[in-house]
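# Overview (structure and organization)
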Amino acid sequence: MNWYLKKLISFIITILSVAILSFVMFQVIPGNAAIARLGTEATPEAVEALNKEYGYDKSLPVRFVNWLGGAVRGDFGKSMRYETMTVAELIKGRLPVTLTLAGMSVILIILIAIPLGILTTRDPGGTADRITDGSMVAVMAIPSFVQGILITFVFGIVLKMFVPGGYVDPSKNLSGFIGFMLFPAISVALPKVAMTVRFMKTRVKAELGKDYVRTARAKGNTTRRVMWGHVFKNSLMPVITFVGLIVAEVMAGSIMIEQVFNLPGMGRLLVTSIANRDFNVVQAIVIYIATAVIFVNMIVDILYKIVDPRNIT
Amino acid sequence: MKRKVFFMMLLAAMTALCACTSGTNGGNNGSDKVYYGGNITIGITQDLDSLDPHKAVAAGTKEVLYNIFEGLIKVTKDGEFAPAVAESYTISEDGKEYDFVLRKNVRFHNGKTVTAEDVIYSLKRVAGMLETEEPDVSKIAAFSIISDITKTDNGVKVTLTEPNTELIGYFTSSIIPCDYADQATAPVGTGPFKFVSYSALQNIIVAKNEDYYIKGVPYLDQVTFKICANTDAAFMELMGGGIDILPYLTNDQANQLKGKMDVVDGTMNLVQALFLNNAVAPFDNLKVRQAICYAINRQEIINLVAGGKGVIIGTNMFPSFSKYYDETLVDAYPYNVDKAKELLKEAGYPDGFSFTITIPSNYEFHVRTGEVIVEQLKKVGIKAEIKLVEWASWISDVYVGRDYETTIIGLDSKMAPSDVLRFYPTTASKNFVNYFNNDFDALFEKAQKAVNEDEKAGYYKQLEKKLTEDAVSAYLQSPAQLVAINKDLGGYCFYPIYVQDMSTIYFKTEPPKQNDQ
């Protein structure tokens with residue numbers, strides 16, 4: 001139980017620090033919600049009136065305490081730009097898009113990278129290995145948003161496999177939704193696939209040199225059995241950690257890819273809200289992302305214990 | 001789906017009236033068939049800031065809401081005022097009373113007939129005259145001189161505390177029902193399209209208003225304004241066929257579309273300039289400002305940035321506002337490197353100086369203009385450096401805070417000459433160039449109060465001349481707007497204000513059947 005309590009306390013401290021940091025940083029950047037919204041119509045009187053409505057006439061500590069008081073109760077307040085919507089409503093509408101994107105990306109990473117990592121080490125220096133190596137270097141070197149643009153161009157505009165920006169609402173057409181999301185998910189996944197494959201390869205190679213592999217071979221096991229029955233399981237654990245770490249990057253990657261594929265997800269909401277200085281929305285999303293990352297790391301910790309019970313930290 | 005086919009004659013009359021684009025080269029007006037019905041998608045790159053027309057302030061929102069709402073009057077594509085909810089209006093001799101006769105049987109999208117009470121409520125709301133103040137309603141400052149709005153036998157009468165004949169341009173402000181509480185979520189107006197749905201970051205959908213008081217308008221059944229993350233994403237969608245109309249293309253994008261889509265151009269009615277902070281050294285020196293004007297080759301900018309489209313200006317006024325525009329000012333500072341160098345020497349900067357140009361990064365057009373200017377100024381020894389800032393920072397630091405050296409931006413305005421020049425009176429909160437000139441202020445007041453049109457135009461031309469003589473800023477161009485349109489569509493119109501009018505758009509071929517929605 002002690003372990004879980006420790007995790008919980010560190011979780012609360014982390015979230016609180018994230019909240020304070022993003023609150024402070026938001027004060028440093030120029031402009032505020034009222035000025036951003038009024039644009040060239042911004043007159044001192046209009047700005048003052050709107051600021052008052054947003055509660056910006058109060059001092060910084062008071063605002064933070066007010067915000068924290070609401071946030072603890074799950075009330076993140078109202079959006080300053082989308083005046084008719086609460087932050088919770090806004091996020092509720094965007095969250096499924098980002099979660100689907102991140103989820104599909106992680107599944108793709110696991111489905112592609114792990115088998116590929118094992119297969120290529122079976123014949124080091126062979127054709128399959130060389131092709132994989134070359135293409136992995138390429139997808140790792142090109143940033144995911146560039147790959148997103150390339151994928152849109154090749155599959156969307158040239159091959160017409162999907163309509164660029166033709167996002168469909170899952171409530172209207174679920175298969176259409178998944179079909180469209182596949183392309184942004186590939187864009188997010190590709191660079192991470194490359195990283196995972198490389199990581200997997202080094203792990204598998206390291207394991208292959210170990211004594212138990214020689215013993216297994218000596219016992220007459222086929223290469224396939226040695227690979228999947230022995231090496232795979234032993235090289236899996238560091239890879240789980242690695243995939244866990246990647247989840248945070250997948251979230252970050254999704255934010256960028258949502259811009260490229262025009263997805264109405266959390267990332268686009270975040271970027272739009274920063275541009276609009278919509279503090280309530282930005283703060284809530286930052287907290288959400290931080291929570292998600294910490295949560296995934298906790299799951300990784302737990303998985304660790306399951307795969308190898310000796311890991312009691 | 002109802003479909004009617006109209007032939008040449010009727011259309012010839014209509015397109016001639018509105019002189020809109022109709023085909024590949026815009027020259028074959030009248031040869032199009034016009035099909036009723038069909039759904040189209042138009043790309044916009046800004047989410048809406050409010051669905052309530054009185055709360056919306058972003059230009060990108062107003063250009064969408066234009067299709068749902070109407071004012072007492074409307075601006076035509078020639079910059080004239082046409083009756084809308086009002087059937088006609090008269091302005092009294094002394095310029096203190098505006099009398100509007102309401103059109104009969106104009107109905108809101110919820111079926112209610114527009115009454116004088118609705119009009120009075122709408123006008124009072126934007127004038128800040130309602131008893132319950134709404135802080136987020138964007139007030140029309142010019143309406144502060146309204147003393148009373150009353151009901152007459154056939155309409156409403158607006159009384160002013162002081163004469164002002166230019167106020168008419170502000171009566172384009174939307175008329176909304178007086179007893180309707182859901183304006184911000186399910187807006188109701190009188191325009192050619194009615195609101196269907198809105199989802200943040202995705203789209204706003206409007207459908208044909210079958211009850212519109214002009215018969216036969218609009219043509220389309222449904223229009224989706226698709227909110228795109230940025231111009232690049234929007235352009236990708238356009239290339240992929242997901243978008244039928246995309247305004248504000250760059251010259252490069254337009255070139256890429258050749259053959260695939262129709263690209264039409266019209267004027268933007270913006271004053272694009274290298275605005276100089278007149279309160280900051282060395283721009284507080286007239287000779288320095290003049291030197292910069294001489295050192296900038298405006299035609300080269302237009303050629304390089306806008307593919308040769310755009311009109312050179314020499315002052316803060318749009319050429320299309322011809323009645324008030326003094327075209328002789330264009331040649332006040334012809335491109336002349338020697339002259340610029342000489343002026344710099346006289347001003348005490350024989351070796352030039354360095355400064356920064358702060359440009360909002362979301363406006364690629366202004367950024368590219370800045371790049372050209374940097375190169376041009378090098379020739380006279382001035383070292384300019386571009387500083388890109390985010391839009392919200394620009395508004396806060398440059399526009400409101402006036403903490404900058406120079407900036408490039410396009411200023412738009414309502415259909416009143418005083419609104420175009422609202423940035424320059426000494427006390428104006430929008431005077432971000434810090435231009436302080438008592439003569440200008442006095443003349444500006446005279447111009448606004450003048451009742452006689454010729455006299456008024458004369459005053460405004462004098463004001464423009466002052467801006468040019470004082471070289472307040474380096475005025476560059478009234479940029480062209482490039483719009484990509486699906487080859488199957490016709491009827492796109494350019495207006496002297498920021499709008500995307502979908503009521504004139506029609507299919508030239510049988511509209512495709514829609515499978516979703």
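It should be noted that the structure appears before, not after, this text.
All of the points below concern the structure found in this document. Here the structure is a predicted model, which means the values were calculated and not measured.

Assigned secondary structure in chain B consists of 13 helices and 22 strands. In terms of overall dimensions, chain B is globule-like: its C-alpha atoms have a radius of gyration of 24 Å, near the 24 Å expected for 517 residues. When the backbone C-alpha atoms are referred to their principal axes, chain B occupies close to 70 × 55 × 40 Å. Counting the 517 residues in chain B, one finds 57% classified as buried. Looking at chain B alone, contacts between residues at least 24 apart form 69% of all its contacts between residues at least 6 apart. With an accessible surface of roughly 20400 Å², chain B has 49% of that area assigned to carbon and sulfur atoms. Between the centroid of the 50 positive side chains of chain B and the centroid of its 66 negative side chains there is a distance of 3 Å.

Right, let's get into the overall build of chain A. Looking only at helices and strands, chain A features 12 helices and zero strands. Each helix and strand of chain A, placed in order from N terminus to C terminus, yields the pattern α-α-α-α-α-α-α-α-α-α-α-α. Once the C-alpha set of chain A is aligned to its principal axes, its extents read approximately 85 × 55 × 35 Å. Relative to its full complement of 313 residues, chain A shows a buried share of 45%. The positive charge centre, built from 31 side chains, and the negative charge centre, built from 19, are 12 Å apart in chain A.

Moving on to helix α8 (residues 337–346) of chain B. Residues and elements named next belong to chain B. Restricting attention to buried positions, one finds in α8 the residues Ala340, Leu343 and Leu344. Seen from one end, α8 has its buried residues packed into an arc of 100 degrees, which puts them on one side. Along α8, the residues that are exposed and aim more than 90 degrees away from the buried face are Asp338 and Lys345. On its buried face, α8 is in contact with α6 (286–295). Among the residues of α8, the N-terminal cap falls to Asn336, whose side-chain oxygen and the backbone nitrogen of Asp338 are separated by 3.2 Å. Count one or two residues on from α8 and you reach Gly348, which has phi positive near 95 degrees.

This part is about the environment of Glu41 of chain A. On the secondary structure map, Glu41 of chain A appears in the loop between α2 (33–38) and α3 (44–54). When neighbours within four sequence positions are excluded, Glu41 of chain A is seen to be in contact with Lys414, Arg422 and Lys430 of chain B.

Below, the discussion takes up unusual backbone geometry. Backbone torsion omega between Val217 of chain B and Pro218 of chain B reads -5 degrees, so that peptide bond is classified as cis. Relative to the elements of secondary structure, Pro218 of chain B occurs in the loop between β11 (203–208) and β12 (222–227). Phi at Lys160 of chain A is positive, roughly 55 degrees, even though this residue is not glycine. Notably, Ala471 of chain B is not glycine yet its phi reads approximately 45 degrees, a positive angle. Under the relative-accessibility criterion, Ala471 of chain B is labelled buried at 1%.

All names here are of chain B. The sheet contact formed by strand β7 (residues 97–102) and strand β9 (residues 155–160) spans five bridges and is antiparallel. Across the sheet, Val101 pairs through a bridge with Gly155, a residue of β9. Here strand β8 (residues 146–151) hands over to β9 after three residues, the two strands then running antiparallel side by side.

Quick look at α3 of chain A now. Residues and elements named next belong to chain A. Buried within α3 we find Val47, Leu50, Asn51 and Tyr54. End-on view of α3: buried residues confined to an arc of 105 degrees, all on one side of the axis. For α3, the exposed residues set more than 90 degrees away from the buried face come down to Glu45, Glu48 and Lys52. Close packing links the buried residues of α3 with α2.

Here we take up the sheet that holds β7 of chain B. Residue and element names in this part refer to chain B. The sheet built from four strands is open, its strands ordered β6-β7-β9-β8 with antiparallel pairing. Each edge of the open sheet is held by one strand with a lone partner, namely β6 (86–91) and β8. Shown here is a sheet whose adjacent strand axes are inclined to one another by a mean of 15 degrees, direction ignored. Across the sheet, helix α3 (residues 116–127) lies against β7, β8 and β9, angled at about 165 degrees from β8, the strand it touches most.

Tallying the contact residues gives 43 residues for chain A and 39 residues for chain B. Interface area, chain A with chain B, both sides summed: about 3400 Å², of which 56% is carbon and sulfur. It is Arg37, Thr40 and Glu41 of chain A that lose the most area in chain A upon contact with chain B, and together they represent 16% of the buried surface on that side. At the boundary of chain A and chain B, one finds one salt bridge.

This part is about the pairing of β12 of chain B. All names here are of chain B. Counting buried positions along β12 yields six of six residues, so the element is predominantly enclosed. Burial along β12 is two-sided: the face carrying Gln222, Thr224 and Lys226 and the face carrying Val223, Phe225 and Ile227 are both buried. Where strand β3 (residues 39–44) and β12 come together, six bridges link them in parallel fashion. By the bridge assignment for β12, Ile42 is matched with Phe225. As judged from the five bridges shared by β11 and β12, these two strands associate in the antiparallel manner. Bridging across to β12, Ala207 finds its partner in Gln222.

Under the counting rule described, the total for this entry stands at 21 salt bridges over all chains. Put simply, Lys112 of chain B and Asp179 of chain B hold a salt bridge, and the shortest N to O gap is 3.1 Å. One end of the pair, Lys112 of chain B, is in the loop between β7 and α3; the other, Asp179 of chain B, is in the loop between β9 and β10 (193–199), with 67 residues separating them in the sequence. Residue classification places Asp179 of chain B among the exposed positions, given a relative accessible area of 56%. Between Glu237 of chain B and Lys226 of chain B there is a salt bridge, with the nearest N and O atoms lying 3.0 Å from each other. Separated by 11 residues along the polypeptide, Glu237 of chain B in helix α4 (residues 231–240) and Lys226 of chain B in strand β12 bring together distant segments of the chain. Within this structure, Asp129, Asp133 and Lys201 of chain A form a network of salt bridges that share partners.

About the thresholds
Residues numbered from 1 in each chain as written. Chains lettered and ligands numbered in written order. Predicted model: local features only at pLDDT ≥ 70, side-chain atom pairs only at ≥ 80, totals over all residues. Heavy atoms only, no water. Helix = DSSP H or I, 4+ residues; strand = E, 2+ residues; numbered from the N terminus. Rg over C-alpha atoms; globule rule 2.2 N^0.38 Å. Buried < 20%, exposed > 50% of the residue type's maximum accessible area, 1.4 Å probe, protein only. Contact = heavy atoms within 4.5 Å. Areas by Shrake-Rupley, 256 points an atom, 1.4 Å probe, with all protein chains shown as cover. Lys, Arg positive; Asp, Glu negative; His and termini not counted. Charge placed at Lys NZ, Arg CZ, Asp CG, Glu CD. Arc of directions from axis to C-beta. Polar contact = N/O pair within 3.5 Å; in protein donor to acceptor, adjacent residues only side chain to side chain. Pairing = 2+ DSSP bridges. Axes fitted to C-alpha atoms, helices over the stretch in contact; angles between N-to-C directions. Buried area = accessible area lost by both parts, 1.4 Å probe. Salt bridge = Lys/Arg side-chain N within 4 Å of Asp/Glu carboxyl O.

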